[in-house]
Amino acid sequence: MSVLKSSKKEEHRKQTLSLMWATDIHLDHVNPEKGAMFIKEMASKNPSAVVITGDISTAETIDKWIIYMDRTFNCPVYFVLGNHDYYHGSIEGVRQKVRQVTRNTVRVKWLPEAGVVMLTPTTALIGCDGWGDAKLGDFDMAETRMSDYIYIKELVGMERPRIKQILNALGLDSARYLARVLPEAMNRAQFIIIATHVPPFAEACWHQGRRGDARWLPNYTCGSMGEVIQTAAQNSMYHQFLVLCGHTHGYADVHILPNLHIKVGEVEYGNPVIQDIINVC
Ligand SMILES: [Fe+2]
Ligand SMILES: [Fe+2]
């Protein structure tokens, strides 16, 4: 994807920035050497900046990978957390740990803490974690054995009505954050890149080669964030929005509106890949 108008490409070539995007790299599914090799491979391509849309590792090692990336990359690295990043820990605990570790990192920044990042004078990057928030689809029909309910402290041992409340609240939390930062981003930039973990729209939810149905949507879309993004895009056709996300591991490239484009990364566990290098003007 490029937010650069093709007729202007030559003229602006020197002003563009290359944004490398990866998602769901799940470094806990490869041995540490292979994980380190993948990070080095990303860095060796000399991007201007990197964005990672969650599911980097798990609660036990997320801080170590953040520090490793900080030492390996020569450019800014922005990330959001995915549900797997909380596995074997708690949401609060991981967020606290990540907040603390990124206070001391030079290049690697957690987007909810970074706020509005001006990649170029016309393009802003913002982001927040997002969650499968049980807003879309039918939660009563949804998959009952999500690993999240086993490995994330806040969800362990909860009855389903309580789980639904927690998922709703997590989605709302992300949506409120986005509603807070979007106006500033839109004031400062025409092009807005939103990084998040969970696809905010049903149209972009593909899982195991099939479009997400009522059973999958509750855990594979963040409906509350979708409402905020769609409203912003509908209210200003002047702005162009690109949403980058992962979570479903199923490729999607969809225009929800003429000025609202969403891309979902395809990835297999144990085989981290670079999704795209985006030319940003
Ligand atoms: Fe994932
Ligand atoms: Fe995920």
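Residues numbered from 1 in each chain as written. Chains lettered and ligands numbered in written order. Predicted model: local features only at pLDDT ≥ 70, side-chain atom pairs only at ≥ 80, totals over all residues.

Caption draft 1: Focus on the sheet that holds strand β3 (residues 77–80). The five strands lie next to each other as β4-β3-β2-β1-β13, forming an open sheet whose pairing is mixed. Here the strands that pair on one side only, and so sit at the sheet edges, are β4 (108–110) and β13 (274–280). On average, each strand axis in the sheet is tilted by 20° relative to the strand beside it, whichever way the strands run. As paired elements, β3 and β4 share three bridges and run parallel to each other. (Pairing = 2+ DSSP bridges. Helix = DSSP H or I, 4+ residues; strand = E, 2+ residues; numbered from the N terminus. Axes fitted to C-alpha atoms, helices over the stretch in contact; angles between N-to-C directions.)

Caption draft 2: Fine view of the pairing of strand β2 (residues 49–53). Most of β2 is tucked away, with five of its five residues classed as buried. Burial along β2 is two-sided: the residues A49, V51 and T53 and V50 and I52 are all buried. Where β2 lies against β3, four bridges are found, and the strand directions are parallel. Bridge assignment links V51 to a residue of β3, and that residue is Y78. Between the parallel pair β2 and β3, the chain is carried across by helix α3 (residues 62–72), and the sense of this crossover is right-handed. (Buried ≥ 20, exposed ≤ 12 C-beta atoms within 10 Å, placed from the backbone. Right-handed = clockwise from strand over helix to strand, strands pointing away.)

Caption draft 3: Region of interest: the sheet that holds strand β10 (residues 240–245). Here six strands make up an open sheet; going across it, the order is β5-β6-β7-β10-β12-β11 and the pairing mixed. The open sheet is flanked by β5 (117–118) and β11 (252–257), the only strands paired with a single partner. Inspection of the sheet shows β10 paired to strand β12 (residues 260–264) by five bridges, in the parallel sense. Pairing of L242 across the sheet is with H261, part of β12.

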